[in-house]
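Observations on the model geometry
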Amino acid sequence: MAKRLKPADELPHFETTEEFAEFIETHDTSRIWDKLKPARPLKMPPEQIEAIKQRHAAQKAAISIRLDRDQIAAARKIAAKKSIGYQTQLRMWIAEGIRRESGR
C-alpha cells in the first residue's frame, strides 16, 4: 500500500540536505512544484568536462546493429516518455537482458 504523504503548501527553509530529503519523502509537493525556482545550472571547468567525456567514451565501444524501423520507432517513443535518448534506452534493455541471462 502506498504511503500517504502530507500536502505541502510551501517549502520551508532547511538547515541540512537530510532535512530536505526527509521533507520530500514525507510530503506531497505537487501543490508547490510549479512555484519552485529552477536550479542554477552546474558550471564545471572545461578541463573537467573534457575529462568526463573522455572517461565516458573510453568505457563504451561503438558497434553496428540493424533493427527494424518499427523497433527503432517504438524505442524512441518509450525513451521520449522517460525523457532519455533512445540509444540510452536500448543500452539499458541490453544491460538488463545480460544481467537476467547471466543469473541463469
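Worth saying up front: this structure is predicted, and the values here are computed from it rather than measured.

1. A closer look at the confidence of the model for the protein
- Mean pLDDT over the protein stands at 89; residues scoring 70 or higher make up 96%.
- Per-element averaging of pLDDT across the protein places strand E1 (residues 6–7) at the bottom with 82 and helix H3 (residues 69–81) at the top with 96.

2. Side note on the pattern of salt bridges
- Applying the stated criterion to the full structure yields two salt bridges.
- Note that Arg31 is salt-bridged to Asp9, the shortest N-O span being 2.7 Å. Residue Arg31 is located in the loop between strand E2 (27–28) and helix H2 (46–58), and its partner Asp9 is located in the loop between E1 and helix H1 (17–26); the two are separated by 22 residues in the primary sequence.
- Here Glu96 and Arg100 are joined by a salt bridge, their closest N and O atoms 3.4 Å apart. One end of the pair is Glu96 and the other is Arg100, both in helix H4 (residues 86–102) and four residues apart, which spans about a single turn.
- Overall, the relative accessible area of 49% leaves Arg100 in the partly exposed class.

3. Quick notes on the packing of aromatic side chains
- All told, the structure shown has two aromatic pairs when counted by the stated rule.
- Between the aromatic rings of Phe14 and Phe20, the centroid separation amounts to 5.3 Å while the plane-to-plane angle is 75°, which identifies the pairing as edge-to-face.
- What makes Phe20 partly exposed here is its relative accessible area of 39%.
- Chaining the aromatic ring pairs together yields one cluster made of Phe14, Phe20 and Phe23.

4. Focus: a nonpolar patch on the surface
- A contiguous nonpolar surface patch, about 470 Å² in accessible area, is contributed by Leu11, Phe20, Ile24, Trp33 and Leu36.
- Secondary-structure assignment places Leu36 in the loop between E2 and H2.

Conventions adopted
- Residues numbered from 1 in each chain as written.
- Predicted model: local features only at pLDDT ≥ 70, side-chain atom pairs only at ≥ 80, totals over all residues.
- Heavy atoms only, no water.
- pLDDT = per-residue confidence, 0-100.
- Helix = DSSP H or I, 4+ residues; strand = E, 2+ residues; numbered from the N terminus.
- Salt bridge = Lys/Arg side-chain N within 4 Å of Asp/Glu carboxyl O.
- Buried < 20%, exposed > 50% of the residue type's maximum accessible area, 1.4 Å probe, protein only.
- Phe/Tyr/Trp six-rings, centres within 6.5 Å; stacked < 30°, edge-to-face > 60°.
- Patch = residues over 30% accessible without salt bridge, like charges linked within 9 Å, V, L, I, M, F, W, Y side chains within 5 Å.
- Areas by Shrake-Rupley, 256 points an atom, 1.4 Å probe, with all protein chains shown as cover.

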